[in-house]
Amino acid sequence: MPGNTSNPNGFAVTPVSVDNIPGLNTLGISLARLDFAPYGGLNPPHTHPRGTEIIVVVEGTLYVGFVTSDPDNRLFTKVLYPGDVFVFPIGLIHFQFNIGKTEAVAFAGLSSQNAGVIPIAKSVFGSNPPINPDVLTKAFQLDKNVVTYLQSLFWSD
């Protein structure tokens, strides 16, 4: 069943993990269906601290990528079409973006029954309590008003 992509990112994830299928306990795997709205549905940059992810596109066209760790911070990207597969190594920041004019659907397999997810922007700008804006201003070399604005975007819920 398609996920609801009527949200700011135009993205929905439907997880299949030990939380909803207890039989996955101790098997070290989980799965997710990824639904993307046309013209820019985005699974924002995030990381899985406890699992490698492999995706297969079944519908649409996705621009995907990941960034290696410091000191190189090298970006690896690829445009995926139905039937294409891509791997996101454990712990690396990665994303998926629908560049097509139609909805896109992919399935993701993870090498952990609880891979975890850390959404980068939400973690940094939407932490509870908030990170001191002075820290983020210096870390990102942004005007403090920009940091305060970005933090306000994540405090709506």
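Our structure is the block above this text.
For the structure given in this document, a descriptive report is provided here. (Residues numbered from 1 in each chain as written. Predicted model: local features only at pLDDT ≥ 70, side-chain atom pairs only at ≥ 80, totals over all residues. Heavy atoms only, no water.)

1. A few points about the nonpolar core
Considering soluble globular proteins, one finds that nonpolar side chains tend to be buried as a cluster. The biggest cluster of nonpolar side chains holds 16 residues, and the ones touching the most others in it are Leu34, Ile55, Leu62, Val64 and Phe86. With residues up to four places along the chain from it excluded, the contact list for Ile55 reads Leu34, Val64, Leu80, Asp84, Val85, Phe86, Phe88, Gln96, Phe107 and Ala108. (Core = buried A, V, L, I, M, F, W, Y, C linked by side-chain atoms within 4.5 Å. Buried < 20%, exposed > 50% of the residue type's maximum accessible area, 1.4 Å probe, protein only. Contact = heavy atoms within 4.5 Å.)

2. Re the side chain of His94
As for its placement among the helices and strands, His94 is situated in strand E8 (residues 93-98). Since its relative accessible area comes to 1%, His94 is described here as buried. Of the polar contacts made by the side chain of His94, one reaches the side chain of His48; its length is 3.5 Å. Among the polar contacts made by the side chain of His94, one reaches the main-chain carbonyl oxygen of Leu92 at a distance of 2.9 Å. (Helix = DSSP H or I, 4+ residues; strand = E, 2+ residues; numbered from the N terminus. Polar contact = N/O pair within 3.5 Å; in protein donor to acceptor, adjacent residues only side chain to side chain.)

3. Considering a nonpolar patch on the surface
A grouping of Leu31, Val58 and Phe107 is seen on the molecular surface, where their side chains present a nonpolar patch of about 230 Å² in accessible area. For Leu31, the position within the fold is in strand E2 (residues 30-36). (Patch = residues over 30% accessible without salt bridge, like charges linked within 9 Å, V, L, I, M, F, W, Y side chains within 5 Å. Areas by Shrake-Rupley, 256 points an atom, 1.4 Å probe, with all protein chains shown as cover. Salt bridge = Lys/Arg side-chain N within 4 Å of Asp/Glu carboxyl O.)

4. So, the side chain of Asn98
Inspection of the secondary structure assignment puts Asn98 in strand E8. Of the polar contacts made by the side chain of Asn98, one reaches the backbone oxygen of Ala37; its length is 2.9 Å.

5. So, the pattern of salt bridges
As enumerated under the stated definition, the model contains two salt bridges in all. A salt bridge links Arg33 to Asp35; the shortest N-O distance between them is 2.9 Å. For the pair shown, Arg33 and Asp35 are each scored as buried. The partner of Asp134 in a salt bridge is Lys144, and the shortest N-O contact between them spans 2.9 Å. With a gap of 10 residues between them, Asp134 in helix H2 (residues 133-140) and Lys144 in helix H3 (residues 144-153) connect regions that are remote in the sequence. By relative accessible area, which is 43% here, Asp134 ends up partly exposed.

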